[in-house]
Every structure is written in C-alpha cells, then in structure tokens.
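# Report on the structure
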Amino acid sequence: MGEFIPFDKRQGIVVPWAGDKDELLLNINHAEWVVTEDNELHYLVDGGTEKLKIKDSFLVSVRAAYHTTDWVRLYFEEHYPEIDFDKKFETNKPGVFARIQDEYGYEYEEWSQNKLYERLENELAKSGYKIEWD
C-alpha cells in the first residue's frame, strides 16, 4: 500500500482545459492521466505525450475499456439492486444503452462521472496531489 500523504501536504495541480469541477466532469475519461512538470493535469488520448513534460502518470478506469456497460451496471447495482441487469436489458443483444435510455433516460451519467472523478482524486492523492480550483 502507498505512503499516506496528509491533505495539507499535497501538491496543488491545475486543470488548464477545465475552469471548474463541473467542466471537468463533462469531459472526464477513462484514460491514462498525467501530471506535468508545470503541475497541470491532462489525460492522454492515443499517446499524445510528445508536447508534455510528464512527471507522473496513472490509469483511471473501471474494469476494461471494452466493458462498455460497467458504469451503468454499477449504477443499477447500487440504485436498483432488485433488477436483473442482464435479463432486463438483454445484454446479449445490441442496443443495451438504447433500452436503458428508453426506460431510465440518462440518470446514470452524472453518477458515473462523479464516481470516475472520485477515482481520479484518489489516484492523485496517492501520489501527493490535489486539484486546485480558483
């Protein structure tokens, strides 16, 4: 297990491409995240490291990138445990998200964005960082 770093000793980082947490949530991704030498937080898409001077990196994801229903499945486990997810949404057939959205809309999206943000914060904290918002 990693070294415990007290909150007041963590190094502040900024997110230059998001003005606040809400904007970051709209763009949060399962990805490799990096902290640059300038203490900026970025996520990498198809590599994208040639312009960044990286001092730290870590992966934030659920299980595997090809498990597209992981977050919505976790949402239903927490909020609708009585539902047999695979049976109700026929996960063995195409169109799972359309069936979910027809009945439940997009209510799982904000929840999943916040869960991913929590994982991002936890990974940052393990390495001694915290996001500083203006």
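First, a word on what this report is: a plain description of the structure on this page. (Residues numbered from 1 in each chain as written. Predicted model: local features only at pLDDT ≥ 70, side-chain atom pairs only at ≥ 80, totals over all residues. Heavy atoms only, no water.)

## Some remarks on the environment of Y80
Worth spelling out the cut-off: Each helix is a run of DSSP H or I of at least 4 residues and each strand a run of E of at least 2, with the numbering of both proceeding from the N terminus. Contacts between residues were defined by any pair of non-hydrogen atoms, one from each residue, lying within 4.5 Å. N or O atoms within 3.5 Å of each other form a polar contact, as long as, within protein, one can give a hydrogen and the other can take it, and as long as residues adjacent in sequence are counted only when both atoms are side-chain atoms.
Residue position: Y80 is located in the loop between α2 (70-79) and α3 (85-88). Among residues more than four places away in sequence, those in contact with Y80 are Y75, Y104 and E107. A polar contact is formed between the side chain of Y80 and the side chain of E107, at a distance of 2.7 Å.

## Overview of the side chain of T36
Just so we agree on the cut-off: Buried means the residue's accessible area, taken with a 1.4 Å probe over protein chains only, is under 20% of the maximum for its type, while exposed means over 50%, and partly exposed covers the values in between.
Mapped onto the secondary structure, T36 falls in strand β2 (residues 31-36). Using a relative accessible area of 4% as the deciding quantity, one classes T36 as buried. Among residues more than four places away in sequence, those in contact with T36 are H42, L52, K53, I54 and K55.

## What to know about the nonpolar core
The tendency in soluble globular proteins is for nonpolar side chains to be buried side by side. Which entries qualify depends on this criterion: To form a nonpolar core, buried Ala, Val, Leu, Ile, Met, Phe, Trp, Tyr and Cys residues must be joined to one another through side-chain atoms within 4.5 Å.
Counting 31 residues, the largest nonpolar core has L41, F76, L120 and L124 as its most contacted members. Going through the elements one at a time, α1 (21-27), β2, β4 (54-60), α2, α4 (96-104), α5 (107-126) and β5 (129-131) are the ones with two or more residues in this core. Here the element with the most residues in this core is α5; it accounts for six residues. When sequence neighbours within four positions are dropped, the list of residues in contact with L124 reads I13, V35, L41, F58, Y129 and I131.

## Quick look at the sheet that holds β2
Heads up, the rule is: Each pair of strands is called paired provided DSSP finds at least two bridges between the two strands. Axis definition: a line fit to C-alpha positions, over the contact stretch in the case of helices; interaxial angles, taken between N-to-C directions, run 0 to 180 degrees.
Sheet architecture is open: three strands sit in the order β3-β2-β4, paired in antiparallel fashion. Across the chains shown, the open sheet's two edge strands, defined by having one partner strand only, are β3 (41-44) and β4. Neighbouring strand axes in the sheet, compared pairwise and without regard to direction, differ in orientation by 30° on average. Packing against the sheet, α5 makes contact with β2, β3 and β4, and its axis sits at approximately 140° to β4.

## Structural notes on the pairing of β2
Burial analysis of β2 places five of its six residues in the buried class, which makes it a mostly covered element. The pairing of β2 with β4 spans six bridges and is antiparallel. Residue V35 lies in a different strand from β4, and its bridge partner there is D56. Here β2 pairs with β3 via four bridges, running antiparallel. Each residue of the ladder has a partner; that of V35, found in β3, is L41. Joining the antiparallel neighbours β2 and β3 is a turn of four residues, in which N39 adopts a positive phi near 60°.

## A short note on α5
Spelled out, the test is: Here the expected length of a helix is defined as 1.5 Å per residue gap, with one fewer gap than residues.
With 20 residues, α5 extends 30 Å between its outermost C-alpha atoms, agreeing within 8% with the 28 Å of an ideal straight helix rising 1.5 Å per residue. For α5, the set of buried residues is Y108, W111, S112, L116, Y117, L120, L124 and A125.

## A look at the packing of aromatic side chains
What counts, and what does not: Put simply, two rings from Phe, Tyr or Trp (the six-membered ring, in Trp's case) pair if the centres are within 6.5 Å, and we call them stacked under 30 degrees between planes, edge-to-face over 60, tilted for the rest.
All chains considered together, the criterion is met by 15 aromatic pairs. When the ring of W17 is compared with that of Y43, the centres are 5.4 Å apart and the planes differ by 85°; the resulting orientation is edge-to-face. Remark: Y43 occurs in strand β3 and W17 occurs in the loop between β1 (11-13) and α1; sequence separation between them is 26 residues. Cluster of aromatic residues (ring-pair linked, three or more members): W71, Y75, F76, Y80, F85, F89, Y104 and W111.

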